[in-house]
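In case you want the letters, here they are:
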Amino acid sequence: MTEPAAGGPAPVRILVCDDHVVVRAGLLALLDSAPGIEVVGEAGTGEEALALAARLAPDVVLMDLQLGTGIDGVETTRRLTTGAPTTGAPTTGTPTAGTGRAPHVLVLTTYDTDADITRAIEAGATGYLLKAERPEELFAAIHAAARGRTALSGPVAGRVMANLRKPRPALTDRERDILAQLATGLGNREIARALFISEATVKTHLRRIYDKLGVDTRAGAVAVAKEQRLLP
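The rules behind each value
- Residues numbered from 1 in each chain as written.
- Predicted model: local features only at pLDDT ≥ 70, side-chain atom pairs only at ≥ 80, totals over all residues.
- Heavy atoms only, no water.
- Helix = DSSP H or I, 4+ residues; strand = E, 2+ residues; numbered from the N terminus.
- Contact = heavy atoms within 4.5 Å.
- Buried < 20%, exposed > 50% of the residue type's maximum accessible area, 1.4 Å probe, protein only.
- Pairing = 2+ DSSP bridges.
- pLDDT = per-residue confidence, 0-100.
- Right-handed = clockwise from strand over helix to strand, strands pointing away.
- Axes fitted to C-alpha atoms, helices over the stretch in contact; angles between N-to-C directions.
- Expected span 1.5 Å × (residues − 1).
- Arc of directions from axis to C-beta.
- Salt bridge = Lys/Arg side-chain N within 4 Å of Asp/Glu carboxyl O.

### Section: unusual backbone geometry
No. 1: A positive phi angle, near 50 degrees, is found at alanine 57, a position not held by glycine.
No. 2: Topologically, alanine 57 is positioned in the loop between α2 (46-56) and β3 (60-63).
No. 3: Even without being a glycine, phenylalanine 196 presents a positive backbone phi close to 60 degrees.
No. 4: Tracing the chain through its elements places phenylalanine 196 in the loop between α8 (188-195) and α9 (199-213).

Okay, here's the thing in C-alpha cells:
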C-alpha cells in the first residue's frame, strides 16, 4: 500500500471477506499495491466478517456472495449495513464502533444473475463488482464505495438498467393477494381459506400468474416476483 502524503487524506480501511483462501490471498496482495487503500483484516466466513467489522470498524467491506458454510454474503451484508448482531460477535459495540456509522459493502463476486444483484442491493450493498474487473476498476470502486457512491461493473449496470426499463407484469389485485400468500409458503387450500375463495379459484389465478410471470412453478413465481418487486 502506498503511504498517503503528509496532510493528505487517510487511506480507505478495507476488510476482505472471501471463503477461498487462495483468492483472498491474491486480493490482499493486489490491494497492498493500491494507493490510498489499507487492508485492516480478512475473513473467511460471514460470521467472522461481522465480528471483525465490529472490532476494526473498516470503511469498506469487500464481500463475496457465496461463503460456504454459515450465513452467505447477502445476509452478512444486511447485518453489516444495519448493525444486526450475530452469534459469536462481540456483545459490546457494533460494526459502527468507533466511526458512528456502518461500513459500506462492496460486493466482489463471479455471480451476475438478476436475483443475486437484486438481493445484494436490497441488503444494502453500495456496489456490485465482478471478479473479472481490472485492478484499476476495483481500486476506483473501493474509493467510490468509501464515499457512499454506487459502483457497478459494466455488465451489472446493464442488467440493472434493462430490468428498470422492463415493463412489470400487470397483475390484478386478486393475483397480487394470492402471490403474497404464496410467498409465505401457504398451499392452495390455506390460500383459499385466507382469502375466502374456493380452491378452484386459487388454481385458476395461479395459472394466470404463472403465464404472466413466465414461470411454471410456485418457487419460480415467488422468485420472479421478488426480482421485479411485485410483492409488498
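Past the structure itself, the notes keep going.
### A word on the side chain of arginine 24
No. 1: If you trace the backbone, arginine 24 turns up in helix α1 (residues 21-32).
No. 2: Look past the residues within four positions of arginine 24 in its chain and what remains in contact with it is Val16, Asp18, Asp19, Glu42, Ala43 and Gly44.

### Focus: the pairing of β3
No. 1: Residue alternation in β3 divides its side chains into two sets, Val60 and Leu62 and Val61 and Met63, and both sets are buried.
No. 2: As defined by bridge partners, strand β1 (residues 12-17) adjoins β3 across four bridges and the pair is classed as parallel. Residue pairing across strands places isoleucine 14 opposite valine 60, the latter belonging to β3.

### Digging into the confidence of the model for the protein chain
No. 1: For the protein chain, per-residue confidence averages 86 on the pLDDT scale, and 87% of positions sit at 70 or higher.
No. 2: Counting interchain partners and residues more than four positions distant, the pLDDT-below-50 stretch residues 86-99 has 23 contacts.

### Regarding the pairing of strand β5 (residues 127-130)
No. 1: Where burial is concerned, the two faces of β5 agree: the one with Gly127 and Leu129 and the one with Tyr128 and Leu130 are both buried.
No. 2: Read from strand β4 (residues 104-109) through helix α4 (residues 114-122) to β5, the crossover connection turns out right-handed.
No. 3: Inspection of the sheet shows β5 paired to strand β6 (residues 151-152) by two bridges, in the parallel sense. Each bridged residue has a counterpart across the sheet, and for tyrosine 128 the counterpart in β6 is leucine 152.
No. 4: In this fold, β5 hands off to helix α5 (residues 135-146), which returns the chain to β6; that crossover is left-handed.

### Quick word on the sheet that holds β3
No. 1: Across the sheet, six strands lie side by side as β2-β1-β3-β4-β5-β6; this open sheet has parallel pairing. The outermost strands of the open sheet, each flanked by one partner alone, are β2 (37-43) and β6.
No. 2: Here six bridges tie β1 to β2, and the two strands are oriented parallel to one another. Each bridged residue has a counterpart across the sheet, and for arginine 13 the counterpart in β2 is glutamate 38.
No. 3: Of the strands in this sheet, β1 and β2 touch α2, which is tilted by about 135 degrees from β2.
No. 4: Packing against the sheet, helix α3 (residues 73-82) makes contact with β3 and β4, and its axis sits at approximately 170 degrees to β3.

### What to know about α1
No. 1: Taking 1.5 Å per residue, 12 residues should reach 16 Å; α1 reaches 16 Å between its end C-alpha atoms and fits that length.
No. 2: Of the residues making up α1, those classed as buried are Arg24, Leu27 and Leu31. Mapping the buried residues of α1 onto a view down its axis gives an arc of 60 degrees, with all of them on the same face. Relative to its buried face, α1 has exposed residues pointing more than 90 degrees away, namely Val21, Val22 and Ala29.

### Points about the pattern of salt bridges
No. 1: One pass over the full model with this rule turns up 10 salt bridges.
No. 2: Note that glutamate 137 and arginine 134 form a salt bridge whose closest N and O atoms lie 2.9 Å from each other.
No. 3: In this structure, arginine 174 and aspartate 177 form a salt bridge, with 3.9 Å as the shortest nitrogen-oxygen distance. One end of the pair, arginine 174, and the other, aspartate 177, are both in helix α7 (residues 173-183), three residues apart, so they sit about a helical turn from each other.
No. 4: Aspartate 177 sits in the partly exposed class, given a relative accessible area of 34%.
No. 5: One salt-bridge network, held together by shared partners, links Asp18, Asp64 and Lys131.

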